[in-house]
Each structure stands twice: as structure tokens, then as C-alpha cells.
Amino acid sequence: VQLQASGGGLVQAGGSLRLSCVVSGLTFSYYNMGWFRQAPGKEREFVASITKTGGSTYYADSVKGRFTISRDNAKNTVYLQMNSLKSEDTAVYYCAADHNMDWVTPYWGQGTLVTVSS
């Protein structure tokens, strides 16, 4: 199983980035997908998730209204559109796949670094 995240980079505060995560080695449509992040010196935290069909989405309060998670089951890809970025959004962003959506033992991607300069 591979989850390949991309799209990170350096952006100014107020700017936007779109992260992508391409999944292989599992039946993508059977898995709920999520994005998590880990800032320097902090624990990994939940950012957003989307159900198997894309019918429901969930967000951390800190990103609600600014970030949008979506998926394309035909392309085995999950996206995270990030708008109005803030310096506190700086972190390594990880995509995850979980059959049960409890995120106890998900498959993890390798992470992509997002740096927001103020």
C-alpha cells in the first residue's frame, strides 16, 4: 500500500495550496480518507476527513471554512484545498486511509511540508 502526498511548499499568509494524495495497493473506494498534520514540536493532529463515497466531510475547528477535502475515486486521489493560510498552518501534512474511520491503525502517506510565511 502506498499513499503518495504532494503539493506542499512555501506560501505567504493568506495564500492557497492544494495537496494531493494518490493511493495504490488497496481498493480506494473502500476506505475513508483523512488529512493530518504535525507541526514542529507538536503531536500529529486531525485536519479533515471524507467518507468512502465522499458523501460526508469532517474538519478540525481550526481549519473549518478555510480548507476543503475532496476525493476522486476514479483517480484514487484525495485532495486538500487550503485557502487563507495562516502561519499556524505550517506543518508536515499526511494523508491517511482507514476502513473504519476511527484512525487507530490507518495507512499513512509519507507527508508533504507546508510552510506559511507571515
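Structural notes, computed from the coordinates.

Analysis parameters
- Residues numbered from 1 in each chain as written.
- Predicted model: local features only at pLDDT ≥ 70, side-chain atom pairs only at ≥ 80, totals over all residues.
- Heavy atoms only, no water.
- Helix = DSSP H or I, 4+ residues; strand = E, 2+ residues; numbered from the N terminus.
- Buried < 20%, exposed > 50% of the residue type's maximum accessible area, 1.4 Å probe, protein only.
- Pairing = 2+ DSSP bridges.
- Contact = heavy atoms within 4.5 Å.
- Disulfide = S-S within 2.5 Å.

**Considerations on unusual backbone geometry**
Here is step 1: Its identity is not glycine, yet Asn76 carries a phi of approximately 55°, on the positive side.
Here is step 2: The residue Asn76 is located in the loop between β7 (67-72) and β8 (77-82) in this model.
Here is step 3: What makes Asn76 partly exposed here is its relative accessible area of 25%.
Here is step 4: At Met101, a position not held by glycine, the phi torsion is positive, near 65°.

**Things to note about the pairing of strand β4 (residues 32-38)**
Where a strand is regular, its side chains alternate between the two sheet faces.
Here is step 1: Burial analysis of β4 places six of its seven residues in the buried class, which makes it a mostly covered element.
Here is step 2: Of the strand pairs in this sheet, β4 and strand β9 (residues 91-98) are connected by seven bridges, and their pairing is antiparallel. Of the residues in β9, the one forming a bridge with Trp35 is Cys95.
Here is step 3: Here β4 pairs with strand β5 (residues 45-50) via five bridges, running antiparallel. Each residue of the ladder has a partner; that of Met33, found in β5, is Ile50.
Here is step 4: Hairpin connection between β4 and β5: a loop of six residues separates the two successive antiparallel strands, and Gly41 in this loop has a positive phi of roughly 80°.

**Remarks on the side chain of Ser20**
Here is step 1: Of note, Ser20 is situated in strand β3 (residues 17-24).
Here is step 2: Residue contacts for Ser20: discarding those within four places in its chain leaves Gln4, Ala5, Ser6, Trp35, Thr77, Val78 and Tyr79.

**Some thoughts on the state of the cysteines**
Here is step 1: Within this structure, the stated rule accounts for one disulfide.
Here is step 2: Put simply, Cys21 and Cys95 are joined by a disulfide, and their sulfur atoms are 2.0 Å apart. Sign of the S-S torsion, about 55° for the bond between Cys21 and Cys95, identifies this disulfide as right-handed. Separated by 74 residues along the polypeptide, Cys21 in strand β3 and Cys95 in strand β9 bring together distant segments of the chain. Residues Cys21 and Cys95 agree in their burial class; the two are buried.

**Some thoughts on the environment of Leu17**
Here is step 1: The topology assignment puts Leu17 in strand β3.
Here is step 2: Along the primary structure Leu17 and Ser87 are separated by 70 residues, whereas in three dimensions their C-alpha atoms are 13 Å apart.
Here is step 3: With residues up to four places along the chain from it excluded, the contact list for Leu17 reads Gly7, Gly8, Gly9, Val11, Leu80, Gln81, Met82, Leu85 and Val114.

**Description of the pairing of β3**
Here is step 1: The sheet contact formed by strand β1 (residues 2-6) and β3 spans five bridges and is antiparallel. Its bridge partner lying in β3, Gln2 is registered against Ser24.
Here is step 2: Both β3 and β8 contribute to a ladder of six bridges, which runs antiparallel. Within β8, the position partnered with Ser20 by the bridge is Tyr79.

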